[in-house]
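Take a look at the letters that make up each chain.
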Amino acid sequence: GLALTGQSLSFTSLLGIIGLGGVIINHAIILMDSLIEQLRAHPHKPVIEMVLDASETRFRPIVLTTIATVIGMVPLALSNPTWGPFAFTVMFGLAFAICLTLVLIPVLFYRHVSKTNQVL
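No experiment lies behind these values; they were computed from the predicted model shown. (Residues numbered from 1 in each chain as written. Predicted model: local features only at pLDDT ≥ 70, side-chain atom pairs only at ≥ 80, totals over all residues. Heavy atoms only, no water.)

## Here we look at the overall build of the protein
Helix and strand counts for the protein come out as 4 helices and 0 strands. Going from N to C terminus, the protein has its helices and strands arranged as α-α-α-α. Relative to a compact globule of 120 residues, whose C-alpha radius of gyration would be 14 Å, the protein shows 17 Å and is clearly more extended. Buried residues in the protein amount to 34% of all 120 residues. Considering only contacts in the protein between residues 6 or more positions apart, those separated by 24 or more positions represent 70%. For the protein, the accessible area works out to roughly 7300 Å², and carbon and sulfur atoms hold 69% of it. Separation between the mean location of the 6 positive side-chain charges and that of the 5 negative ones in the protein comes to 7 Å. (Helix = DSSP H or I, 4+ residues; strand = E, 2+ residues; numbered from the N terminus. Rg over C-alpha atoms; globule rule 2.2 N^0.38 Å. Buried < 20%, exposed > 50% of the residue type's maximum accessible area, 1.4 Å probe, protein only. Contact = heavy atoms within 4.5 Å. Areas by Shrake-Rupley, 256 points an atom, 1.4 Å probe, with all protein chains shown as cover. Lys, Arg positive; Asp, Glu negative; His and termini not counted. Charge placed at Lys NZ, Arg CZ, Asp CG, Glu CD.)

Right under this line is the structure:
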């Protein structure tokens, strides 16, 4: 994101990476909690259905949180050259991480539960 916008890697962009890590981990924790709750509530249901149900349930909150954060960062990115790299880091990082959160986490969870037949 910084390269696309012509921004340099700076202290504020590194702060954005740290903050971005917290938001992404929070999304992943909420999704994993939903996945485990589905697995414990319906132990005889096929794992793939549970993963799809849990992912569908958490899809809207994760997407809406990401969209709200990205839109909220636009004024900061355009108005202040000091905090612009921070805003661009968060905006592009969230846009990329939403794919990882909604695809990679459920796939890894499904593979783990399918192989071991146990909850994390």
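Here the narrative resumes, following the displayed structure.
## A closer look at the packing of helix α3 (residues 47-79) against helix α4 (residues 84-116)
Contact pair α3 / α4: the axes reach a minimum separation of 9 Å and the direction vectors enclose 175°. The angle between α3 and α4 places the two elements in the roughly antiparallel class. Tallied by class, the residues present in the contact of α3 with α4 amount to 23 nonpolar, 6 polar and no charged. (Axes fitted to C-alpha atoms, helices over the stretch in contact; angles between N-to-C directions. Parallel < 35°, antiparallel > 145°, perpendicular 65-115°, else oblique. Nonpolar A, V, L, I, M, F, W, Y, C, P; charged D, E, K, R; others polar.)

## Let's talk about the packing of helix α2 (residues 11-41) against α4
Interaxial distance between α2 and α4 falls to 9 Å at its minimum, and their mutual angle equals 25°. On the basis of the axis angle, α2 is roughly parallel to α4. The way α2 lies across α4 gives a crossing that is right-handed. Its residues placed into classes, the contact of α2 with α4 shows 20 nonpolar, 7 polar and no charged. (Left-handed = near helix turned anticlockwise from the far one by under 90°.)

## Overview of the confidence of the model for the protein
Keep in mind that low pLDDT regions are not for reading the predicted coordinates in detail. Considering every residue of the protein, the mean pLDDT works out to 84; 97% of them sit at 70 or more. When pLDDT is averaged over each element of the protein, α3 comes out on top at 87 and helix α1 (residues 2-5) at the bottom at 79. (pLDDT = per-residue confidence, 0-100.)

## Points about α3
The terminal C-alpha atoms of α3, which comprises 33 residues, lie 48 Å apart, in line with the 48 Å expected from a rise of 1.5 Å per residue. Along α3, the largest kink reaches about 35° and is centred on Arg58; proline Pro61 follows within four residues of it. Of all the residues in α3, the buried ones are Val47, Met50, Val51, Ala54, Ser55, Ile62, Val63, Thr66, Met73 and Ala77. For α3, the elements touching its buried residues are α2 and α4. (Expected span 1.5 Å × (residues − 1). Bend = angle between axes of the 7 residues up to and from the residue.)

## Observations regarding the nonpolar core
By size, the foremost hydrophobic cluster in this structure holds 11 residues: Leu31, Met32, Leu35, Ile36, Leu39, Val47, Met50, Val51, Ala54, Phe109 and Val113. Contributing elements (two or more residues each) for this core: α2, α3 and α4. With 5 residues, the single largest contributor to this core is α2. In this view, Leu35 contacts Met50, Val51, Ala54, Ile105, Pro106 and Phe109; residues no more than four positions away in its chain are not counted. Ranked by size, the runner-up nonpolar core spans 10 residues in total, among them Leu2, Ala77, Phe86 and Phe88. (Core = buried A, V, L, I, M, F, W, Y, C linked by side-chain atoms within 4.5 Å.)

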